Number of protein chains: 2
Amino acid sequence: MEAVRARHGAADLEQTVSELAAAFGNRLVTSRAVREQHANTVTWVAAEPPDAVVYPQSTEDVQRAVRICARHRAPIIPFGMGTSFEGSVNAPFGGVCLDFKDMNRILAVHTEDLDCVIEPGVTRKQLNAHLRDQGLFFPVDPGADASLGGMASTRASGTNTVRYGTMKDNVLAMKVLLPNGELMSTSRRARKSSAGYDLTRLIIGAEGTLGIITELTLKLHGIPEAISAGVCPFPSIKSACDAAITAIQSGIPVARVELLDEVQVRACNADAKLGLPETPMLFLEFHGSDAGVAEQSERFGDIARELGGGPFEWATKSEDRTRLWEARHHAFWAARSFRPGANIVVTDVCVPISRLAECVTETKRDIEQSSIVAPILGHVGDGNFHAFVLVMMDDADEVARAKAFIERVAERALAMEGTCTGEHGIGEGKKHFLVPEHGSAAVEIMRAIKHAIDQNGIMNPGKIV
Amino acid sequence: MEAVRARHGAADLEQTVSELAAAFGNRLVTSRAVREQHANTVTWVAAEPPDAVVYPQSTEDVQRAVRICARHRAPIIPFGMGTSFEGSVNAPFGGVCLDFKDMNRILAVHTEDLDCVIEPGVTRKQLNAHLRDQGLFFPVDPGADASLGGMASTRASGTNTVRYGTMKDNVLAMKVLLPNGELMSTSRRARKSSAGYDLTRLIIGAEGTLGIITELTLKLHGIPEAISAGVCPFPSIKSACDAAITAIQSGIPVARVELLDEVQVRACNADAKLGLPETPMLFLEFHGSDAGVAEQSERFGDIARELGGGPFEWATKSEDRTRLWEARHHAFWAARSFRPGANIVVTDVCVPISRLAECVTETKRDIEQSSIVAPILGHVGDGNFHAFVLVMMDDADEVARAKAFIERVAERALAMEGTCTGEHGIGEGKKHFLVPEHGSAAVEIMRAIKHAIDQNGIMNPGKIV
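Residues numbered from 1 in each chain as written. Chains lettered and ligands numbered in written order. Predicted model: local features only at pLDDT ≥ 70, side-chain atom pairs only at ≥ 80, totals over all residues. Heavy atoms only, no water.

**Overview of the overall build of chain A**
- Across its full length, chain A carries 17 helices and 18 strands.
- Taking 23 Å as the expected radius of gyration for a compact globule of 465 residues, we find that chain A reaches 22 Å, a close match to that expectation.
- Reported as C-alpha extents along the three principal axes, the dimensions of chain A are approximately 65 × 60 × 40 Å.
- In chain A, which comprises 465 residues, the share counted as buried stands at 65%.
- Across chain A, every contact between residues at least 6 apart in sequence was considered, and the portion connecting residues at least 24 apart equals 73%.
- Approximately 15,900 Å² of chain A is accessible, and the part contributed by carbon and sulfur atoms is 50%.
- Of the charged side chains in chain A, 48 are positive and 59 negative; the average position of the first set lies 3 Å away from that of the second. (Helix = DSSP H or I, 4+ residues; strand = E, 2+ residues; numbered from the N terminus. Rg over C-alpha atoms; globule rule 2.2 N^0.38 Å. Buried < 20%, exposed > 50% of the residue type's maximum accessible area, 1.4 Å probe, protein only. Contact = heavy atoms within 4.5 Å. Areas by Shrake-Rupley, 256 points an atom, 1.4 Å probe, with all protein chains shown as cover. Lys, Arg positive; Asp, Glu negative; His and termini not counted. Charge placed at Lys NZ, Arg CZ, Asp CG, Glu CD.)

See below:
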């Protein structure tokens with residue numbers, strides 16, 4: 001469904017597209033099908049296609065495109081793999097989508113420095129396949145095979161953030177095309193710096209509203225000598241959350257700890273033939289030396305047992321681990337096929353971990369009372385969890401109940417000192433939570449920054465502020 | 001020595017001080033001695049005292065002071081413990097210093113969430129003394145017992161950053177008094193968030209030029225079950241750096257790894273009667289379980305031996321460790337007493353770790369050729385090192401040689417993709433390196449942000465941009 005388009009200032013879109021066509025030839029596409037593929041496609045946020053899609057092949061291409069758009073005040077929307085849940089790639093005012101699929105080169109890997117330099121269209125899996133032979137990996141893992149430029153733009157995180165951090169912790173520097181057509185380097189390759197304002201962190205999570213990322217320098221990590229992984233059943237959400245918290249508090253350097261509620265376990269069982277008991281479940285992974293992962297796994301098993309959970313069955317064999325995490329990574333699709341014909345909307349709240357069990361438990365009660373279907377999956381080490389709300393779009397009453405539920409989930413998290421979005425971003429879908437979450441003084445500062453950098457509002461307009 | 005003071009726009013300082021005196025009574029001080037204590041005192045950057053010092057006791061006090069200053073466009077300079085090396089606390093345009101010594105309350109410790117809420121005047125040691133009984137600690141350790149507000153403002157780091165990160169990684173949220181007199185919350189207590197621009201990271205490292213921090217929420221860590229520490233001699237700077245890099249690359253989670261060159265070892269020997277061989281030396285610390293730290297220490301010993309270093313002697317006994325790290329933390333003062341009567345200036349470059357050995361070695365050659373005295377100490381896990389340049393200020397020729405050397409150290413680091421300051425900040429002393437380091441596009445963006453937030457330039461003017 002294409003939404004009604006608002007007018008964007010003084011933009012001359014026709015002239016923009018014609019100049020871009022002259023500059024980019026067949027690397028500019030205006031067909032309806034391609035434009036629609038470049039609007040929101042993953043969730044129920046209405047699709048708002050751009051006027052044209054350009055496929056840059058270099059920073060110079062991006063600069064040319066930005067300069068043409070800037071001259072005509074035409075909106076520019078950067079596009080990675082289109083996996084955004086919040087309509088971040090939508091074009092509510094029309095404009096030009098820059099699709100980075102051809103800017104997917106790995107420019108350098110510095111093994112001694114544990115970093116690499118890449119173009120923004122490189123995906124997470126592509127990078128890790130490239131690094132494997134060198135014994136290195138990039139840890140941030142949102143599940144989807146997203147582009148790293150997109151992941152930086154939404155401040156993405158995922159399953160092993162509890163140990164390795166989010167994108168904000170794993171990007172050393174970026175090159176960014178500014179709205180004025182100039183190229184900015186946000187930082188240098190040194191591991192740390194106190195030299196001026198942290199422009200790297202300002203661009204991470206800005207969802208393309210301040211500039212377009214054309215290059216990233218990422219931190220890498222050595223592939224651990226040993227990895228163990230396993231699943232651990234619990235009698236309740238509370239005991240599962242408590243086990244995760246206790247493990248973290250006792251200093252076990254958990255690499256991943258994911259909560260699946262019994263509904264999500266059922267969905268994964270159906271999808272991947274896991275044969276797991278349909279009760280709240282933690283999926284865990286530990287990284288270290290052979291002795292280290294054995295010690296960590298055993299200590300976690302003890303904690304689980306004391307809290308009424310277990311047995312914790314773990315394995316270090318690669319095949320067993322792969323099967324388990326493939327099932328986990330497929331959870332979104334498993335949830336989707338759990339209710340054929342349903343549309344999916346994903347909530348993304350994050351609360352202090354002491355409030356997590358309470359927040360999940362109340363949310364599950366809310367799901368029941370709202371008569372909706374919504375399996376739950378949580379990155380419990382961070383206090384972040386998702387409800388995959390499965391909605392039959394032709395049932396207006398169900399849509400209304402789902403919408404009200406989604407609002408309540410965010411309000412509940414805010415009331416517990418949490419955030420409306422742990423890792424998906426604000427996009428279009430969560431703009432109305434920005435003031436309730438940060439207060440008006442902070443949002444005014446965000447607006448002042450946006451205006452100072454992008455006076456004409458051409459950078460991904462209609463998102464965040 | 002008091003520098004000649006520049007005029008700051010339309011500031012009416014006399015009226016400001018008189019209104020502040022009415023509001024704060026004897027918590028406003030204008031005596032020359034107190035004002036001079038609140039200028040730069042640690043390095044050779046000339047002292048520039050403020051017109052008055054105010055001692056706020058609450059966020060409301062800060063708000064009152066900021067509103068009075070804002071009305072008269074008077075500069076405001078926040079002051080923690082005065083340990084800045086770059087003149088960040090100086091008042092080149094006069095104005096009002098806010099000394100946070102009375103805002104030193106620990107407001108909350110959330111043990112389950114591994115975080116705490118504090119006022120900005122709390123010092124690192126004060127916080128850790130408070131946390132010890134709860135089995136928790138705050139890791140960032142710049143050596144000096146700095147205030148945590150000041151550490152956030154300079155994006156400080158220190159000895160165990162290689163494992164626990166810098167201030168940017170360990171501050172969850174802040175309250176900040178803006179130049180318009182409003183109070184802003186930068187974020188919430190959740191471990192992560194993708195909700196809008198990262199205002200937390202924007203304030204960290206801003207050296208008080210965008211607003212005044214009045215509260216911080218900090219991440220905490222569990223005190224490790226076991227700690228081992230020791231020293232390891234090496235035949236050369238190169239072999240010591242290579243051992244540190246190899247340890248990190250092989251995934252040993254080193255908690256601290258500090259390089260002392262033979263001159264610094266000599267200074268520490270003289271100061272603390274360590275009796276160490278006067279050769280390049282690594283000081284190391286490992287955190288984990290009993291078995292874990294033993295394994296890490298032994299693996300490091302093997303690496304050192306293969307690179308011609310060692311023996312690596314390590315201990316887990318608390319007294320032995322304490323003596324060692326006290327000596328290390330006293331390195332600045334040891335260096336100072338190494339040349340009685342000398343003034344000290346500290347360089348702070350940070351380069352990608354693959355370039356570290358080369359950068360330190362060239363810098364040592366430069367020290368020799370410049371005929372100056374400058375022991376070297378490095379946080380080698382981060383690629384960051386300091387030369388403690390000891391200068392007799394009455395020897396104009398030596399001062400000139402030292403100045404030229406200090407410029408060359410920064411230029412050398414920049415040529416190696418590094419930064420002029422890893423952890424001390426830009427302050428007044430390094431402003432001329434900002435464009436060479438970041439390029440003019442980035443510095444223009446910093447200026448635009450500064451101007452958007454602080455139109456009248458009242459927040460710590462004359463620093464960074």
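Still more ground to cover, so stick around.
**Here we look at the relation of the copies chain B and chain A**
- Its rotation angle being 180 degrees, the transformation that places chain B on chain A also includes 0.0 Å of axial translation and leaves an RMSD of 0.0 Å. Read as a symmetry element, the transformation amounts to a two-fold axis.
- Looking at chain B, 100% of its interface residues are interface residues in chain A too, so the copies touch through the same face. (Least-squares fit on C-alpha atoms with pLDDT ≥ 70 in both.)

**Quick notes on unusual backbone geometry**
- Residue Pro311(A) is reached from Gly310(A) by a cis peptide bond, and omega for that bond is 0 degrees.
- Within the chain, Ile464(A) stands out as a residue other than glycine whose phi angle is a positive 60 degrees.
- By the secondary structure assignment, Ile464(A) is in the segment after helix H17 (440-453).
- One non-glycine residue with positive phi stands out, namely Arg155(B), at about 50 degrees.

**Examining the interface of chain B and chain A**
- Taken together, the 79 residues of chain B in the interface contact 79 residues of chain A.
- Our enumeration of links across chain B and chain A arrives at 8 salt bridges.
- A salt bridge links Arg299(B) to Glu225(A); the shortest N-O distance between them is 3.9 Å.
- Counting across the interface, chain B meets chain A through 44 residue pairs in polar contact (both at pLDDT 80 or more).
- Contributions of two or more residues to the side of chain B that touches chain A are made by helix H7 (167-170), strand E9 (183-185), helix H8 (199-203), helix H9 (237-249), helix H11 (290-306), helix H16 (434-438) and helix H17 (440-453) of chain B.
- At 9 residues, the largest contribution of residues to the side of chain B that touches chain A is made by H17(B).
- Residue classes in the side of chain B that touches chain A are distributed as 32 nonpolar, 26 polar and 21 charged. (Salt bridge = Lys/Arg side-chain N within 4 Å of Asp/Glu carboxyl O. Polar contact = N/O pair within 3.5 Å; in protein donor to acceptor, adjacent residues only side chain to side chain. Nonpolar A, V, L, I, M, F, W, Y, C, P; charged D, E, K, R; others polar.)

**Topic: the nonpolar core**
- In terms of nonpolar packing, the biggest core is built from 184 residues, with Leu282(A), Phe300(A), Leu282(B) and Phe300(B) touching the most fellow members.
- In this view, Leu282(B) contacts Gly230(B), Val231(B), Cys232(B), Phe234(B), Ala240(B), Ala243(B), Ala244(B), Val257(B), Glu258(B), Leu259(B), Phe300(B) and Val380(B); residues no more than four positions away in its chain are not counted.
- Core analysis: the next-biggest nonpolar cluster, separate from the first, contains 26 residues, Val42(A), Leu260(A), Leu377(A) and Leu390(A) among them. (Core = buried A, V, L, I, M, F, W, Y, C linked by side-chain atoms within 4.5 Å.)

The values reported here are purely geometric and, on their own, carry no functional implication.
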